[in-house]
Amino acid sequence: MTTNQDFLFFQDFPADKISTIQGDWRYFQRQDGGRIDRIWDNRKMVDEMYAHLTEGGTWLPDEYIPRDPEDGKPLMPWVRHPGFLEKSMYNRQYEMIRNFLDRWKGKKILFLELGVGRMTPMFIQEPFWQLTCQLPFAYYISINPKDALLPEVLENKGRAIHEGIAEVFRDAVELKEKEQKEDRQ
């Protein structure tokens, strides 16, 4: 589950394993939001728009603004905003999370929060805290140099690491390599 809308996770992980609960820049929706339950894959549209940018890449002629093919209404990225479309695609994202939790709720689960700040704690942070409390074998780790938080109720089921993500992962790899080397000796 990610609140990042930049689709970078899709470069390394299968799409059916990633839930994008705050939208995804790879799709467009109508500007009028939830009236019509439809989103469009936007890769070809973005390539077309990019090819027609003028004035140093800062202006797009009106005829290249993406529009609904049926009624010509403008399209915009399918990402969290006041008119964000919360219908079929959005519900599929949450269904992925529910299915994952149903499958693994009796097993060990690590809720690993990477770089989540204080802007939208209700999408990742607070649900992770609640699930860590509810699930008997859950553990929670927050990694963020400034905003890593650990509620008191989770002090025995979690950890807040006030370091950068790259540093923590580098240190973890070095520690694992050291342990493997010692095991071989």
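Going along each chain's sequence as written, the residues are numbered from 1 onward. Given that this is a predicted model, residues contribute local features only at a pLDDT of at least 70 and side-chain atom pairs are listed and counted only at 80 or more, while totals for whole chains, interfaces and linings are drawn from all residues. In computing side-chain properties, one takes all heavy atoms of the structure into account and sets aside hydrogens as well as water.

Right, let's get into a nonpolar patch on the surface. Think of a patch as exposed residues, more than 30% relative accessible area, with no salt bridge, where like charges cluster within 9 Å and nonpolar side chains (Val, Leu, Ile, Met, Phe, Trp, Tyr) cluster within 5 Å. Computed with the Shrake-Rupley method and a 1.4 Å probe, the accessible areas treat only the protein chains shown as cover for residues. We define a salt bridge as a contact between a side-chain nitrogen of Lys or Arg and a carboxyl oxygen of Asp or Glu at a distance within 4 Å. Together, Leu110, Leu112, Leu114, Tyr139, Ile165 and Phe169 make up a nonpolar patch on the protein surface, roughly 470 Å² of accessible area in all. Broken down by secondary-structure element, the contributors of at least two residues to the nonpolar patch are strand S4 (109–114) and helix H4 (165–184). Labels follow the DSSP assignment, with helices taken as runs of H or I lasting at least four residues and strands as runs of E lasting at least two, numbered in each case from the N terminus. Counting residues per element, the nonpolar patch draws most heavily on S4, which supplies three residues. Mapping tyrosine 139 onto the fold places it in strand S5 (residues 138–143).

Our focus in this paragraph is the packing of aromatic side chains. Each aromatic ring pair is described using two quantities: the centre-to-centre distance and the angle formed by the ring planes. Classification of ring pairs rests on two measures: the distance between centres of Phe, Tyr or Trp rings, Trp counted by its six-membered ring, which must be within 6.5 Å, and the angle between planes, read as stacked under 30 degrees, edge-to-face over 60 and tilted in between. Counted according to the given criterion, the structure contains seven aromatic pairs. Centre to centre, the rings of tyrosine 27 and tryptophan 78 are 6.3 Å apart; their planes meet at 85°, and the pair counts as edge-to-face. One end of the pair, tyrosine 27, is in strand S1 (residues 23–30); the other, tryptophan 78, is in strand S3 (residues 75–79), and 51 residues separate them in sequence. Each of the two residues, tyrosine 27 as well as tryptophan 78, counts as buried. Lying across the ring of phenylalanine 10, arginine 26 places its NZ or CZ 3.8 Å from the centre. Buried, partly exposed and exposed residues are distinguished by accessible area as a fraction of the type maximum, computed with a 1.4 Å probe on protein chains only: under 20%, between the cut-offs, and over 50%, respectively. The rule for a charge over a ring is simple: NZ of Lys or CZ of Arg within 6 Å of the ring centre, and within 35 degrees of the ring normal.

What follows concerns the nonpolar core. Leu101, Ile109, Phe111, Phe128, Leu131, Leu135 and Tyr140 are the most contacted members of the largest nonpolar core, which has 15 residues in total. Looking at this core, the elements that each hand over two or more residues are helix H2 (88–104), S4, helix H3 (125–134) and S5. Sort the elements by how many residues they give to this core and H3 lands first, with three residues. Definition used in this section: a nonpolar core is a set of buried Ala, Val, Leu, Ile, Met, Phe, Trp, Tyr and Cys residues joined via side-chain atoms within 4.5 Å. Core analysis: the next-biggest nonpolar cluster, separate from the first, contains six residues, Tyr27, Trp78, Met89 and Tyr90 among them.

This brings us to the sheet that holds S5. Strand order in the open sheet made by the three strands is S4-S5-S6, with parallel pairing throughout. Two strands lie at the open edges of the sheet, namely S4 and strand S6 (158–161), each paired on one side alone. The sheet shows a mean angle of 10° between the axes of neighbouring strands, taken without regard to direction. Bridging between S5 and S6 involves four bridges; their strand directions are parallel. Along S6, the bridge assignment pairs tyrosine 140 with glycine 158. Any pair of residues with heavy atoms lying within 4.5 Å of one another is described as a contacting pair. For helices, the axis comes from a line fit to the C-alpha atoms of the stretch in contact; other axes are also lines fit to C-alpha atoms, and the angle between any two N-to-C directions lies between 0 and 180 degrees. Against the sheet, H3 contacts S4 and S5, and its axis sits at roughly 150° relative to S5. Two strands qualify as a pair provided that DSSP identifies no fewer than 2 bridges between them.

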